[in-house]
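This is what each chain is made of:
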Amino acid sequence: MAAAYELRCRECGKRYENAPLSICDECFSPLEVFCDLDAARHTFTREAIADGPSSMWRYQALLPVPDDYVPSTPAGWTPLLRAPRLAERIGARNLWLKNDAVCLPTLSFKDRVVAVALANAQTFGFDTVGCSSTGNLANAVAAGAARLGLKAYILVPADLEAAKILNTQVYGATLVRIDGNYDHVNRLCSQIADRYNWGFVNVNLRPYYAEGSKTVGFEIAEQLGWRLPDNVVVPMAGGSLIVKIRKAFKELIALGLVEEKEVRFFGAQATGCSPIATAVKTGAEHIEPQRPTTIARSLAIGNPADGIYAARAIRESGGWAEDVSDVEIVSAIQELAETEGVFTETAGGVTTAVTARLYAHGRIHPDELTVSCITGNGLKTTDVLEGAYEQHAAIRPRLGDFETYLDDRKEEGELVGGGEYVR
Amino acid sequence: MSVRVLLPNAFQKHTNGTREIQSSAGNLPALITEMETTFPALRSHLRDESGQVRKFINFYVNEEDIRFLGNEKYSFQDGDEVLVIPSIAGGSFADGDTRFAQDLPLRLRSGQATRRAHFAQKQDRGTCRCCSYCGQEECICGD
């Protein structure tokens, strides 16, 4: 049984019945889902959750979906991995990765939010759904819509990479290429949602969509044995994920599933688009919009709607925010892959590089239990690694050629311990 | 001089369903005043307790965020289209150089990750004030 839930304005508190709405008609501020925790107290228990499915739907009692909703896709329940080799490299001793690079079905944390959004699209009777996206969300909406038999309109900037377009169109979605940048696409979606009776997951379904992010926090706590970490490092685009993970922890505390603890939240952005990190660093109460110029496209929101909430959550928790350059992002992608076998996209490169910097600057103590959130798969942004690795000429299938190859590499200093294992 | 102003659905409760107006306002403050005069019911919703326009309301002129054009200092041009939209989120596409990987020599070898940070600092000193790994402005973890 799902808990009762409703929409409320984050600013003026006005309450709304459940509807495809994301903006308060009194003060034009964002709406948010509020779950009735008292109603969930008897259903959202460790035992009930343990008996649930191996997916994010084990937390269905605190997600805004109807009581009788039957999920169609097992999104979430991704690995929480110890990261000892990366930890050693960056001066940490208790570092973990929440690895949504392997989130099903489309390999990013967007599968979680889309799962909740599309459940509500069905509830509200939409037969057509849509979104604006630079890749991850497009993939997730297209796949989810196909699974549920919904029509999907995905709006993207015209110059989106071919791979991202293919990974959306393969699901049968209608892909609309817009002659403009992503801000233009996003604004157009807002206008379309005003005009057409469609469910746009990140516009009129946004309050429900955003709640899906709580499952990252629920999973971290459960996978740590029902305890909270000391620190969480989270990539920030619109700023919603970091706020929702914190909300998840607070809900777990309120329901007595974990001991009360103030987890410190650290936000990660690319320097080329860092409006939230800038606000945290300067102590500003407002977000100054930026024109994004970064390879971390999935984080490149110049005017993040949840920015002030993210900055506030970081400050209240005693955390901090950092931003890193594009070169550092690529280096961090490589570092994470080499040390932990996790290939992440650019957003994960941002998180990893920022995590390293937080240790280097002494903002996180090496012994503190710290979770770094990896939100997407590296196969989606291979373009940033073009030219990163030299391809040597092919050799003949002869042992002599192989040994010559090893000697050549040794001379070039590319081999470590070459010949050590020769019998 | 006339500009076309498109209003969001969220306003319509206070504008008797009006979705679009023509305005002769010369700039944003004048436009907001005109909107409040035309739709008195909108005023208390458009501004917060201190009289400031609420922070989640964005104005765009011909698809450009007015804050990038000078905000209240921007003078509307005849034929401008002004779009009023409460904050939304979901991503933004880079306007600038995104083909970074092809522009920089990233022939990095396995096992040299710490050198990468040094490399990163050297290549990107304009935006990176210190090394990610050692935290020093003069990097100590590279070669």
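Along each chain, the written sequence defines residue order, and numbers are assigned to residues from 1. Naming scheme: in the order in which they are written, chains are lettered from A and ligands are numbered from 1. Whole-chain, interface and lining totals are the exception, using all residues; otherwise, since this is a predicted model, local features are given only for residues with pLDDT of at least 70 and side-chain atom pairs are given and counted only at 80 or more.

## So, the overall build of chain A
To keep things clear, this is the line we draw: Numbering of helices and strands runs from the N terminus, with a helix taken as a DSSP run of H or I at least four residues long and a strand as a DSSP run of E at least two residues long. Throughout, the radius of gyration refers to the C-alpha atoms, and the reference size of a globule is 2.2 Å times the residue count to the power 0.38. Buried residues are those with 20 or more other C-beta atoms within 10 Å of their own C-beta, exposed residues have 12 or fewer, and partly exposed residues lie in between; C-beta atoms are placed from the backbone. Two residues form a contact once the distance between their C-beta atoms, set from the backbone, is within 7 Å.
When helices and strands are counted, chain A shows 15 helices and 13 strands. In summary, chain A has a C-alpha radius of gyration of 22 Å against a globular reference of 22 Å for 423 residues, a match within 12%. With respect to the principal axes defined by its C-alpha atoms, chain A has extents near 75 × 50 × 45 Å. Counting every position in chain A, which comprises 423 residues, the buried fraction comes to 57%. In chain A, of all internal contacts separated by at least 6 residues, the share reaching a separation of at least 24 is 68%.

## Thoughts on helix α4 (residues 110-123) of chain A
Residue and element names in this part refer to chain A. Quick note on the threshold: Multiplying one less than the number of residues by 1.5 Å gives the expected span of a helix.
In this model α4 runs 20 Å from its N-terminal to its C-terminal C-alpha over 14 residues, within 8% of the 20 Å that 1.5 Å per residue would give. Within α4, twelve of the 14 residues are buried, which leaves it mostly tucked inside the rest of the structure. Looking at α4, one finds that the buried residues are Lys 110, Asp 111, Arg 112, Val 113, Val 114, Ala 115, Val 116, Ala 117, Leu 118, Ala 119, Asn 120 and Ala 121. Where the residues of α4 are buried, they touch β6 (128-132), α5 (136-148), β9 (199-200), α8 (206-211) and α9 (214-223).

## A short note on the pairing of strand β7 (residues 151-157) of chain A
All names here are of chain A. We apply this condition: Strands are labelled as partners when DSSP assigns at least two bridges between them. Seen with its strands pointing away from the viewer, a crossover is right-handed if its path from the first strand over the helix to the second goes clockwise.
Burial analysis of β7 places six of its seven residues in the buried class, the great majority of the element. Note: β6 against β7, five bridges, orientation parallel. Bridging from a neighbouring strand, Cys 131 pairs with Ile 154 of β7. In the sheet, β7 pairs with strand β8 (residues 174-178) via five bridges, with the strands oriented parallel. Looking at the pairing, Tyr 153 lines up with Thr 174 of β8. Where the polypeptide runs from β7 across helix α6 (residues 162-169) and back to β8, its parallel neighbour, the crossover connection is right-handed.

## Notes on the sheet that holds strand β3 (residues 31-35) of chain A
Residue and element names in this part refer to chain A. Pairing in this open sheet of three strands is antiparallel, and the strands run β2-β1-β3 from one edge to the other. Looking at the sheet topology across the chains shown, the edges are occupied by β2 (15-16) and β3. Of the pairings in the sheet, the one linking strand β1 (residues 5-9) to β2 comprises two bridges and is antiparallel in character. Opposite Leu 7, over in β2, you have Tyr 16 as the bridge partner.

## Points about the packing of α9(A) against helix α10 (residues 240-254) of chain A
All names here are of chain A. Threshold: Axes, fitted as lines to C-alpha atoms, cover a helix only where it is in contact. Angles between the N-to-C directions of the axes lie from 0 to 180 degrees. In what follows, roughly perpendicular refers to angles from 65 to 115 degrees, roughly parallel to angles under 35, roughly antiparallel to angles over 145, and oblique to any angle outside these ranges. Two helices that cross are described as forming a left-handed crossing if the nearer one is turned anticlockwise from the farther one by less than a right angle, and a right-handed crossing if clockwise. Here the nonpolar group is Ala, Val, Leu, Ile, Met, Phe, Trp, Tyr, Cys and Pro; Asp, Glu, Lys and Arg are the charged ones; every other residue, Gly included, is treated as polar.
Between α9 and α10, the shortest axis-to-axis distance is 7 Å and the interhelical angle comes to 50°. Looking at the two axes, α9 sits oblique to α10. When the axes of α9 and α10 are compared, the crossing they make is right-handed. The segment α9 lies against α10, with Lys 214, Val 216, Gly 217, Phe 218 and Ala 221 engaging Leu 241, Lys 244, Ile 245, Lys 247, Ala 248, Phe 249 and Leu 252. Considering only residue class, the contact of α9 with α10 consists of eight nonpolar, one polar and three charged.

## Looking at the sheet that holds strand β3 (residues 57-61) of chain B
Residue and element names in this part refer to chain B. Spatially, the five strands line up as an open sheet ordered β2-β1-β5-β3-β4, and their pairing is mixed. Every interior strand has two partners, whereas the edge strands, β2 (20-23) and β4 (64-65), have only one. In the packing of helix α1 (residues 28-38) onto the sheet, contacts are made with β1 (3-6), β2, β3 and β5 (81-86), and the angle to β2 comes to roughly 125°.

## Quick word on the domain arrangement of chain A
Selection rule: Domain delimitation in this document rests on an assignment produced automatically or drawn from a domain database.
Entries for chain A in the domain assignment read domain 1 (5-73 + 110-209), domain 2 (80-107 + 213-385) and domain 3 (391-423). Each of domain 1 of chain A and domain 3 of chain A has a C-alpha centre, and these two points are 52 Å apart.

## Regarding the nonpolar core
Heads up, the condition is: The nonpolar core criterion groups buried Ala, Val, Leu, Ile, Met, Phe, Trp, Tyr and Cys residues into a set whenever they are joined through C-beta atoms within 7 Å.
Within the largest apolar cluster, 154 residues are counted, with the highest numbers of intra-cluster contacts made by Ala117(A), Val129(A), Val141(A), Ile154(A), Val234(A), Ile329(A) and Val350(A). Setting aside residues up to four positions removed in sequence, Val141(A) forms contacts with Val114(A), Val129(A), Cys131(A), Ala152(A), Ile154(A) and Val201(A).

## Quick look at the packing of helix α13 (residues 326-340) of chain A against helix α14 (residues 346-360) of chain A
When two helices pack together, their arrangement is captured by the angle between the axes and the distance separating the axes. Residue and element names in this part refer to chain A. Running from amino to carboxyl end, α13 crosses α14 at an angle of 90°, the nearest separation of the two axes being 7 Å. Taken together, the axis directions place α13 and α14 in an arrangement best described as roughly perpendicular. Contacts between α13 and α14 involve Glu 328, Ile 329, Val 330, Ala 332, Ile 333, Glu 335 and Leu 336 on the former and, on the latter, Thr 346, Gly 348, Gly 349, Val 350, Thr 352, Ala 353 and Ala 356. Classifying every residue of the contact of α13 with α14 gives eight nonpolar, four polar and two charged.

## As for α10(A)
Residue and element names in this part refer to chain A. Under the 1.5 Å per step criterion, the end-to-end length of α10 is 21 Å for 15 residues, consistent within 8% with the ideal 21 Å. Burial within α10 is extensive, with twelve of its 15 residues counted as buried. Tucked into the core, α10 has its buried residues touching α1 (37-40), α8, α9, β10 (231-235), β11 (264-270) and α12 (307-317).

## A closer look at unusual backbone geometry
All names here are of chain A. Leu 104 connects to Pro 105 through a cis peptide bond whose omega is 5°. Within the secondary structure layout, Pro 105 lies in the loop between β5 (95-99) and α4. A positive phi angle is found at Phe 28, which is not glycine, with a value near 60°. Relative to the helices and strands, Phe 28 is located in the loop between β2 and β3. Note on Phe 28: 26 C-beta atoms within 10 Å, which makes it buried. Unlike most non-glycine residues, Trp 226 shows phi in positive territory, near 55°. Examined against the element boundaries, Trp 226 turns out to sit in the loop between α9 and β10. With 13 C-beta atoms counted inside 10 Å, the residue Trp 226 sits in the partly exposed group.

## Concerning the environment of Glu64(B)
Here Glu64(B) lies in strand β4. Residue classification places Glu64(B) among the partly exposed positions, given that 14 C-beta atoms sit within 10 Å.

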